[in-house]
Amino acid sequence: MDQGWGIRGDSVTCLAVVALSLAIALPASSQDVYDLLLKGGHVIDPKNKRNERLDIAISGGKVRKVARGIPTAHGRRVVDLSDYYVTPGLIDIHAHFNSEGDAHSLNPDHNALRNGVTTAVDAGSSGWKTFEQFKRKVIDHSKTRILAWVNIVGPGMAGGKIENDPAQMDSEAAASVALKYPQIIVGIKTAHFQPATWEAVDRAVKAAELSKTIVMVDFQNKPGRGYRELILEHMRPGDIHTHVYARGIPQLDAQKKVQSYMLEARRRGVLFDVGHGAGSLWFRIAVPAIQQGFLPDTLSTDLHKRSIMLPRSTMNNVMSKFLAMGLTLDQVIERSTINPAKAIRRPELGSIEEGGAADIAVLEVRKGQFAFLDSGHAKLTADKEIRCVLTVRNGEVVWDSEGLSRTDWRDAGPYSNFK
Ligand SMILES: [Zn+2]
């Protein structure tokens, strides 16, 4: 570099000085200076069919521009993402984040944002009697956008005795809470119901009909209350069966072939969600189903205090497991962004839109040797792993494991620079 300056001589130096002074004299107009400029990442945004290197300019919590070659000078903070994938903020439609209200939930921000999840839907931890307390104590104070399935059981997931009591299941009351909070409540959840009757499912569907929402069903197949009947007769198009690869759900026949009623239910519009959890993702079920082309509509974690331990059902691990089971990266991203947004009827989420909320996940696909555990005490080895390195929520960097958005401490200047 020094030698080049010397050889070129004064005229080149002079030109450089002119260019520099022009740059100082003609800064980007204040309209074009963005709070945050994400440069050169490989953007995968399935809704907008983007799959290329692009820059994303963010100001005031919103995406302002998605384009190639936005000048570095136009960013107050510029982050080089040329080694990473950039996706819409991830959406986890089955998690347990009522951290103030029950024994199994986790803190949303600590567990969602570090996995690139900017929108999480709590799946019935609270019911129509307890939702407002959940909202007050957790939802209103979280950086993560928290939406909710409200449980058809009044007190929510409050243990077997209460969750098995039809007297706690009030369709009108659940519907009225859903109608009161349409910005937060996406639908009605039913789960853990043991008696071999249809009361829980049918009352949840009734509440969804009354509130013009959908249901998420966690189901146990029992004699006299069959899964086939559930997905072909009781659930409606748009309703979601979570735990699709769980033991106890007859998705496969004795020869491990996907049952024809699974395909028929999919044709009639029933959606199938992963809901990994502590007990509901079995590789020995999911792998043959995927090999036969029966992919889940949405990936989700069913993250709670137990599922985060041995099976490590975090969003990044769920994505990594499905990548290892044969989905492409695009299919994995689609099922973690726009598909869940459509499933919960929030089409404004799950994509990167100019003028839309700046919710972004930056992902690394690491190569190496990895092992993933399922809910059936089995493991799957893989040569890739998906890991979130940076999360932007509402335009703010809220997770940055590699310090990509930060200055080296030696260049950070005096304390007074600290903002
Ligand atoms: Zn759950």
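Residues numbered from 1 in each chain as written. Predicted model: local features only at pLDDT ≥ 70, side-chain atom pairs only at ≥ 80, totals over all residues. Heavy atoms only, no water.

Trainee: Can you tell me about the sheet that holds strand β12 (residues 271–273), naming the residues and giving the values?
Mentor: Within the open sheet, the 7 strands sit side by side as β6-β7-β8-β9-β10-β11-β12. Their pairing is parallel. Both edges of this open sheet fall to β6 (90–95) and β12, since each of them pairs with a single strand only. Averaged over all pairs of adjacent strands, the angle between their axes in this sheet comes to 25°, without regard to strand direction. Both strand β10 (residues 214–217) and strand β11 (residues 240–242) contribute to a ladder of 2 bridges, which runs parallel. (Pairing = 2+ DSSP bridges. Helix = DSSP H or I, 4+ residues; strand = E, 2+ residues; numbered from the N terminus. Axes fitted to C-alpha atoms, helices over the stretch in contact; angles between N-to-C directions.)

Trainee: Give me the lowdown on the environment of Lys-212, citing residues and values where you can.
Mentor: Residue position: Lys-212 is located in the loop between α6 (199–211) and β10. Along the chain, Lys-212 and Ala-175 lie 37 residues apart, while their C-alpha atoms are 8.6 Å from each other.

Trainee: Please give an account of the coordination of the zinc ion that cites residues and values.
Mentor: On the protein side, the zinc ion has His-94 (NE2), His-96 (NE2) and Asp-302 (OD) as donor atoms, found 2.1 to 2.3 Å from it. Expressed as a motif, the donor residue spacing for the zinc ion is H-x1-H-x205-D. (Donors = N, O, S within 2.8 Å, 3.2 Å for Na, K, Ca; no water.)

Trainee: Which residues make up the environment of Asp-218, and what values do they have?
Mentor: The topology assignment puts Asp-218 in the loop between β10 and α7 (227–234). Here the alpha-carbon distance between Asp-218 and His-94, two residues 124 residues apart in the chain, equals 11 Å. Excluding anything up to four places from it in sequence, Asp-218 contacts Lys-189, Thr-190, Ala-191, His-192, Thr-242 and His-243. At 3.1 Å, the side chain of Asp-218 forms a polar contact with the side chain of His-243. (Contact = heavy atoms within 4.5 Å. Polar contact = N/O pair within 3.5 Å; in protein donor to acceptor, adjacent residues only side chain to side chain.)

Trainee: So, helix α10 (residues 315–324): which residues are in play, and what are the values?
Mentor: Counting buried positions over the 10 residues of α10 gives 9, a clear majority of the element. As for α10, its buried residues are in contact with β6, β7 (117–127), α9 (283–291), α11 (329–334), β13 (360–373) and β14 (379–393). In the segment just after α10, Gly-326 is the residue with positive phi, at about 115°. (Buried < 20%, exposed > 50% of the residue type's maximum accessible area, 1.4 Å probe, protein only.)

Trainee: I'd love a proper account of the domain arrangement of the chain, names of residues and values included.
Mentor: Entries for the chain in the domain assignment read domain 1 (3–87 + 388–411) and domain 2 (89–358 + 368–381). Between domain 1 and domain 2, the C-alpha centre-to-centre distance is 37 Å. Contacts between the two partners involve 27 residues from domain 1 and, on the opposite side, 27 residues from domain 2. Roughly 2,200 Å² is buried in total at the junction of domain 1 and domain 2, and carbon and sulfur atoms are behind 58% of that figure. A per-residue breakdown of the area domain 1 buries against domain 2 is headed by Val-63, Thr-87 and Arg-393, which together make up 28% of the total. Taken together, the links from domain 1 to domain 2 amount to 2 salt bridges. One salt bridge connects Glu-353 with Lys-47, and the closest N-O pair in it is separated by 3.1 Å. (Domains from an automatic or database assignment. Buried area = accessible area lost by both parts, 1.4 Å probe. Salt bridge = Lys/Arg side-chain N within 4 Å of Asp/Glu carboxyl O.)

Trainee: Hey, could you go over unusual backbone geometry for me, with residue numbers and the actual values?
Mentor: The phi dihedral of Lys-212 is positive, around 55°, even though this residue is not glycine. Overall, the relative accessible area of 73% leaves Lys-212 in the exposed class. A positive phi angle is found at His-243, which is not glycine, with a value near 80°. Relative to the helices and strands, His-243 is located in the loop between β11 and α8 (260–267).

Trainee: Residue-level account of the packing of α7 against α8, with values.
Mentor: The packing of two helices is summarised by the inter-axis angle and the distance between the axes. Two elements in contact, α7 and α8, have axes separated by 9 Å at closest approach and are oriented at 20°. When the axis of α7 is compared with that of α8, the two are roughly parallel. Crossing handedness for the pair α7 and α8: left-handed. Seen from α7, the contacting residues are Tyr-227, Arg-228, Ile-231 and Leu-232; seen from α8, they are Tyr-261, Met-262, Glu-264 and Ala-265. Looking at the contact of α7 with α8, its residues break down into 6 nonpolar, no polar and 2 charged. (Parallel < 35°, antiparallel > 145°, perpendicular 65-115°, else oblique. Left-handed = near helix turned anticlockwise from the far one by under 90°. Nonpolar A, V, L, I, M, F, W, Y, C, P; charged D, E, K, R; others polar.)

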